[in-house]
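Fold and contact review
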Amino acid sequence: MATQAAEKPAQPANPGAGPSAANARAEASPDAVVVRFAGDSGDGMQLTGGQFTLSTALAGNDLATFPDFPAEIRAPQGTLFGVSAFQINFGSRQISTAGDAPDVLVAMNPAALKVNLEALKPGGLVIIDTGEFTKRNLDKAKYTSNPLEDGSLARWDVLAFDISALTIQAVKPFGLGNKDALRSKNMWTLGLALWMFDRDRQPIVDWLNAKFRKKPEIAAANIAALDAGHAYGETAELSGPLRKTFLPPAVQEPGLYRTVTGAEAISLGLVAGAQLAELPMFFGGYPITPASAILHHLARLKEFGVTTFQAEDEIAAICAAIGAAYAGQLGVTSSSGPGIALKGEAMGLAIMVELPLVIVNSQRGGPSTGLPTKTEQSDLYQAVYGRNGDAPMPVVAARSPGDAFDCAIEACRLATRYMTPVMLLTDGYIANAAEPWKVPDPEDYAPFPARFLEAPNAGDQLLPYKRNADGARPWIKPGTPGLMHRIGGIEKHVETGNIDYSPANHQLMTDARQSKISGVEIPLQEVAVGEQTGELAVVGWGSTYGPIRQAVRRWREKGRAVSHIHVRHIWPLPANLGELLAGFDNVLVPEMNTGQFKTVLRDQLLVDAQSLTKTSGQPFQIAELETAIGKYFDGIEGNEGGEVPPNSQQLPGREQGHDDGTQPDAPFHGAGSALPGEANPNKAVNQ
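Now for a look at the structure at hand. This is a predicted model, so every value here is computed, not measured. (Residues numbered from 1 in each chain as written. Predicted model: local features only at pLDDT ≥ 70, side-chain atom pairs only at ≥ 80, totals over all residues. Heavy atoms only, no water.)

Concerning the overall build of the protein chain
Broken down by element type, the protein chain carries 23 helices and 21 strands. The buried share of the protein chain, taken over its 687 residues, is 56%. In the protein chain, once contacts between residues fewer than 6 apart in sequence are set aside, the share between residues at least 24 apart is 75%. With the model as given, the accessible surface of the protein chain reaches about 28,800 Å², and the carbon-plus-sulfur share is 52%. (Helix = DSSP H or I, 4+ residues; strand = E, 2+ residues; numbered from the N terminus. Buried < 20%, exposed > 50% of the residue type's maximum accessible area, 1.4 Å probe, protein only. Contact = heavy atoms within 4.5 Å. Areas by Shrake-Rupley, 256 points an atom, 1.4 Å probe, with all protein chains shown as cover.)

This is the structure:
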């Protein structure tokens, strides 16, 4: 949903209160708040967080989100490894990360409390559904005593009441049984959250009516639960931690804004890129986490000349996209690391035949199946080097959900101008996270219309590999009269395109493909935060942008000569990057891998860069980067860089929340389901 940011100052939520009341309320409120909703994977936490995000965006706050959910499709209810969470950081100032630690934790059951409690700030507020704290659920969460009674929550403000019972009471007029009624529990919780942060319920009501337009009784029940949660905050007159908090709108550049996820932004950017190239677009994909959402979004954009094809496998998906490019369309395919590996040979084919193709890689934890729902940046080597033979292609990396739109357009521009595949890197964090995005003016984007060869290009002769000033061969639509030519994966003659795998020709063609990519025209590298020279340059790429930016700003406020450089064009690198980095005494490269971009910088620029690595499946926290930067100024030699240890606030340990293979599976999911192994007389692990 889009909102208009006007140039006039924001009005108070209650106009009758007057400016002085609004100002007093704003002064008493924080400038940002972090809230985490956590519950069972069937409790609808992602939906709750998504709708709270919508209401927050409409209120004019800046925001960033982090959906975090388990890899298990349907983990046994109430177990630690089945906990799903959604974190949102929002406020009246600029927000660039989802926040390090929550101020408020909403825990829908004991497992959600145990997995997420240590992440909550000391003194933070935890809202607990006491209706789920039964002996059975406490056992499944591996609690030896009830935390509501044993004093273990003393470090935090606790608001505990029976949300389950209150939800059942709210939807009772609609004749729902307890099991169906409890499905509205997330809406009751959302209603309370909307009251706490002075949010309007009407957009959620409209969304529910639209979502359940064919089942109006379900919409009415959910709306009743939403209203009941909101009314509870208004009328309960609770003392202590529960209070309404007002955060004024953030100061933003005037324009039209909407909340966008990385997957949505990429989809819109690909469509915009195809329009700027004046081409229809063909997308071939195969479902894989977290890339599947791109296929889903593009399937709804057929009116823009988009054809989507869900193939039977990853290889078929990319080969179909190559076929579409051969036929004169913009070919696009998408996957995550395991699928990109399967596409490897076909990527080499696209490089050999020199056709425009955009390949989106939404990175996740690896190798192999790895961590399907967690984020990582460990596919950089794969993107730059990961094909057989010398097979170069441009690589572009998005830094945020909103930035993914421009990066998608850039990938389309490079692909069509240089007749080459281009890989666009995002990751699980960018793909799923959301942020406000100023809808750009189409007039700000210069068209780059594709050109097709219509007649022989060497007198009466066709030379399908005759190159222009960019090193690109002509794009020839099949069936064009007089332009019949060969195409395929075997080495071609340097001009005629006839099969020729003689040593001299292969050397010429290898050099030509390499020269074309090395000569790709890309913008000069700029400094994101700070000066052109200094004591330390923190160099990032991809989704590390937000936490690096904030950590560098904090150290600059302390007077340190620290700068943030964020690289969009991974391959080839910006021409001035080496000279820029030479102006700093030290270079630190934080990455969610084991130091891949650091290796590229050392190899290409001979820069003595140091790594700061993190491979826990979770994004960097600002505090982790602040600590790493501080080591350059603490006077201790040799302690810089290194590996960020796993953070128990982010990734639960073995005893806290994942399926290590020793937990038997429950055959059903729901209130009446058996405990793990309970219904199986042989106590078998898998039933």
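Structural notes on the pattern of salt bridges
As enumerated under the stated definition, the model contains 25 salt bridges in all. The residue Asp-103 makes a salt bridge to Lys-121 at a minimum N-O spacing of 3.0 Å. Residue Asp-103 is located in the loop between strand 4 (83-91) and strand 5 (104-107), and its partner Lys-121 is located in the loop between helix 3 (110-116) and strand 6 (125-129); the two are separated by 18 residues in the primary sequence. Among the salt bridges present, the one from Arg-556 reaches Glu-531, with a minimum N-O distance of 3.4 Å. (Salt bridge = Lys/Arg side-chain N within 4 Å of Asp/Glu carboxyl O.)

What about helix 10 (residues 262-276)?
When the terminal C-alpha atoms of helix 10 are compared, their 20 Å separation across 15 residues agrees well with the 21 Å that a helix rising 1.5 Å per residue should span. Within helix 10, 13 of the 15 residues are buried, which leaves it mostly tucked inside the rest of the structure. (Expected span 1.5 Å × (residues − 1).)

Section: the sheet that holds strand 17 (residues 562-567)
Read across the open sheet, the 5 strands follow the order 17-16-19-20-21; overall the sheet is parallel. Strands with a single pairing partner mark the edges of an open sheet, and in this sheet they are strand 17 and strand 21 (642-643). Two elements, strand 16 (residues 534-541) and strand 17, share 6 bridges in a ladder whose sense is parallel. When the sheet's bridge partners are listed, Gly-540 is paired in strand 17 with His-566. Lying on the sheet, helix 19 (residues 545-557) is in contact with strand 16, strand 17 and strand 19 (584-591); it crosses strand 17 at an angle near 165°. Packed onto the sheet, helix 21 (residues 596-605) meets strand 16, strand 17, strand 19 and strand 20 (609-613) and runs at close to 145° relative to strand 19. (Pairing = 2+ DSSP bridges. Axes fitted to C-alpha atoms, helices over the stretch in contact; angles between N-to-C directions.)

A short note on unusual backbone geometry
For the bond running from Thr-289 to Pro-290, omega is 0°, close enough to zero to count as cis. Along the chain, Pro-290 falls in the loop between strand 9 (281-285) and helix 11 (292-298). That bond from Trp-571 to Pro-572 is cis: its omega, -5°, falls within 30 degrees of zero. Within the secondary structure, Pro-572 is located in the loop between strand 18 (569-571) and helix 20 (577-581). Positive phi, normally seen in glycine, also occurs at Asp-198, with a value near 60°. Among the structural elements, Asp-198 can be located in the loop between helix 7 (185-196) and helix 8 (202-211). With a phi close to 55°, Leu-606 is a non-glycine residue in the positive phi region. Within the element layout of this structure, Leu-606 appears in the loop between helix 21 and strand 20. When its relative accessible area of 77% is taken as the criterion, Leu-606 is described as exposed.

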